[in-house]
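Inside the fold
One-letter residues, chain by chain:
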Number of protein chains: 2
Amino acid sequence: METLAELGYARTSLREIAQKSEFTHGVLHYYFSDKVDLICCCVRHYKAKCVTRYDQITSAAQSRDELMKGFLEKLSETVRDEARMHRLWYDLRSQSLFEEAFRDDVAEIDKSLEDMVWRVASRFASLGGRQPVVSRGALYALFDGLFQRCLLRHLSGDRKAIADLREEVERLLPTVA
Amino acid sequence: METLAELGYARTSLREIAQKSEFTHGVLHYYFSDKVDLICCCVRHYKAKCVTRYDQITSAAQSRDELMKGFLEKLSETVRDEARMHRLWYDLRSQSLFEEAFRDDVAEIDKSLEDMVWRVASRFASLGGRQPVVSRGALYALFDGLFQRCLLRHLSGDRKAIADLREEVERLLPTVA
DNA sequence: ATAGATTTTGGACAATCGTCAAGATATTAT
DNA sequence: ATAATATCTTGACGATTGTCCAAAATCTAT
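Everything in this summary refers to the structure shown in the same document. The structure presented is a predicted model; accordingly, all values stated were derived computationally and were not measured.

1. Observations regarding the protein's contact with DNA strand C
Taken together, 15 residues sit near DNA strand C, with His25(A), Tyr30(A), Tyr31(A), Ser13(B) and Arg15(B) positioned nearest. Counting only atoms of DNA strand C within 4 Å of the protein, the sugar-phosphate share comes to 55%. For DNA strand C, a phosphate oxygen lies 2.8 Å from a polar atom in the side chain of Tyr30(A). The separation between a phosphate oxygen of DNA strand C and a polar side-chain atom of Ser13(B) is 2.9 Å. Of all elements in the fold, only helix 3 (28-31) of chain A together with helix 2 (14-19) of chain B reach the threshold of two or more residues within the surface near DNA strand C. Class assignment for the residues of the surface near DNA strand C results in five nonpolar, six polar and four charged.

As structure tokens, then:
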């Protein structure tokens, strides 16, 4: 996954993966039937690490301010420290537009991420005695779109990318939940 | 571009592009310095075709209903008829997360698309004597996210993908503009 | 300790990749 | 028509790809 996150799907070969691991290239075919199988396993592995990222903040927060602060902080931290791994997610999601074998796993992760965003927004709303005013799908689309854009700007060296994302989220979240 | 749209960046070789064209593989290096250069030119070429898609509808519409109807229709048509070309866009945008050479062009197209969405929403708002209530960036993130999701579902064979997108947009646009 | 199962190695394979260059062909200018 | 330029073809190259396999190494159970 580190190699994939560094090079991207298109430029990653099994030999490169093996070389940056503690194994040789031959052993990969002992555990994975082929390249697609290996990538699929990576996608599945990614999911588990990702979809509970904000859960602790969500359940611990006792006020809208506290939740907002924790969410913004975690969001910033993610872009700052895990940009490479997240660009891999967007890469693989795009690959699923072409490679049928990836679609089910990608769709499942997408759903899990949508649920995660929904949990945050629902909690934020309920802490104000309200309910979210947009659908799950729209909410996810919005935050995913903002995150993706921030990621691209950040990786391009734009120092204001994270600050702008924070500002945007701080303005938007109270209007939708 | 047709070959790229069919196979995706990762699986497309110069020889494959040549084979599906009227030329041989050698001639590509007469016009393009290397593979990255060729893809960059494709990205730039894509832009011109894309960013004025809704302009006629936007300027012709005389009421919110008319604009909504035209926008929904064009949106559906795009997903239905040009899904393959649009998955190429998402593919190349993801590639720009890894390949620095793509970033400037991708960022420029992204900006143009944002402007395009903004023009639609602004017009929709002004036809109701209003102004959009969210930022350009948020608006684009929202619609781009919804479109991307719809595209994935549509390509996976989900017959309800387009209808769901229409429904979502019909509900959202009046609340943001 | 020994036999059997499991895991790992490293090389071989055919196929494909991007790139290049020499020469053939077509176009244009005089 | 002829020369000069532009365009295209073809074959070659070294490198890399995914896959496979026989043999070596390691582990496990008795």
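2. Some points on the relation of the copies chain B and chain A
Once turned by 180° and shifted 0.0 Å along the axis, chain B lies on chain A with an RMSD of 0.0 Å. The symmetry that links the two subunits is that of a two-fold axis.

3. Quick look at the interface of chain B and chain A
Across the boundary between the two partners, chain B contributes 41 residues, which contact 41 residues of chain A. Interface area, chain B with chain A, both sides summed: about 3,100 Å², of which 57% is carbon and sulfur. Broken down residue by residue, the surface that chain B buries against chain A is led by Leu97(B), Phe98(B) and Leu152(B), which jointly contribute 23%. Between the two partners, chain B and chain A, sit six salt bridges. Note that Glu114(A) is salt-bridged to Arg149(B), the shortest N-O span being 2.4 Å. Taken together, chain B and chain A are joined by 19 residue pairs in polar contact (both at pLDDT 80 or more). Within the residue set of the side of chain B that touches chain A, elements represented by two or more residues are helix 1 (2-7), helix 7 (83-95), helix 8 (100-126), helix 9 (136-155) and helix 10 (161-176) of chain B. Considering each element in turn, the side of chain B that touches chain A owes the most residues, 12 residues, to helix 9 of chain B. Of the residues contributing to the side of chain B that touches chain A, the split by class is 20 nonpolar, nine polar and 12 charged.

4. A short note on the protein's contact with DNA strand D
Among the 15 residues in the neighbourhood of DNA strand D, the closest are listed as Arg15(A), Thr24(B), His25(B), Tyr30(B) and Tyr31(B). Counting only atoms of DNA strand D within 4 Å of the protein, the sugar-phosphate share comes to 55%. Between DNA strand D and Ser13(A), the relevant distance is 3.0 Å, taken from a phosphate oxygen to a side-chain nitrogen or oxygen of the residue. Here Arg15(B) contributes a side-chain N or O atom positioned 2.9 Å from a base nitrogen of DNA strand D. Elements with a minimum of two residues in the surface near DNA strand D: helix 2 (14-19) of chain A together with helix 3 (28-31) of chain B. By residue class, the composition of the surface near DNA strand D is five nonpolar, six polar and four charged.

5. Notes on the pattern of salt bridges
Under the definition given, this model contains 38 salt bridges over all chains. For Arg53(A), the salt bridge is made with Glu82(A), and the minimal N-O distance between the two is 3.4 Å. Separated by 29 residues along the polypeptide, Arg53(A) in the loop between helix 4 (35-50) and helix 5 (55-60) and Glu82(A) in the loop between helix 6 (64-81) and helix 7 (83-95) bring together distant segments of the chain. The exposure class assigned to Glu82(A) is partly exposed, which follows from its relative accessible area of 30%. Arg80(B) serves as the salt-bridge partner of Asp81(B), at 3.7 Å between the closest nitrogen and oxygen. Residue class for Asp81(B) comes out exposed when judged on its relative accessible area of 52%. By relative accessible area, Arg80(B) is classed as partly exposed at 45%. One continuous salt-bridge network, built from bridges that share partners, spans Arg93(A), Asp110(A), Glu114(A), Asp144(A) and Arg149(B).

Procedures and definitions
Residues numbered from 1 in each chain as written. Chains lettered and ligands numbered in written order. Predicted model: local features only at pLDDT ≥ 70, side-chain atom pairs only at ≥ 80, totals over all residues. Heavy atoms only, no water. Near = heavy atom within 4 Å. Polar contact = N/O pair within 3.5 Å; in protein donor to acceptor, adjacent residues only side chain to side chain. Helix = DSSP H or I, 4+ residues; strand = E, 2+ residues; numbered from the N terminus. Nonpolar A, V, L, I, M, F, W, Y, C, P; charged D, E, K, R; others polar. Least-squares fit on C-alpha atoms with pLDDT ≥ 70 in both. Contact = heavy atoms within 4.5 Å. Buried area = accessible area lost by both parts, 1.4 Å probe. Salt bridge = Lys/Arg side-chain N within 4 Å of Asp/Glu carboxyl O. Buried < 20%, exposed > 50% of the residue type's maximum accessible area, 1.4 Å probe, protein only.

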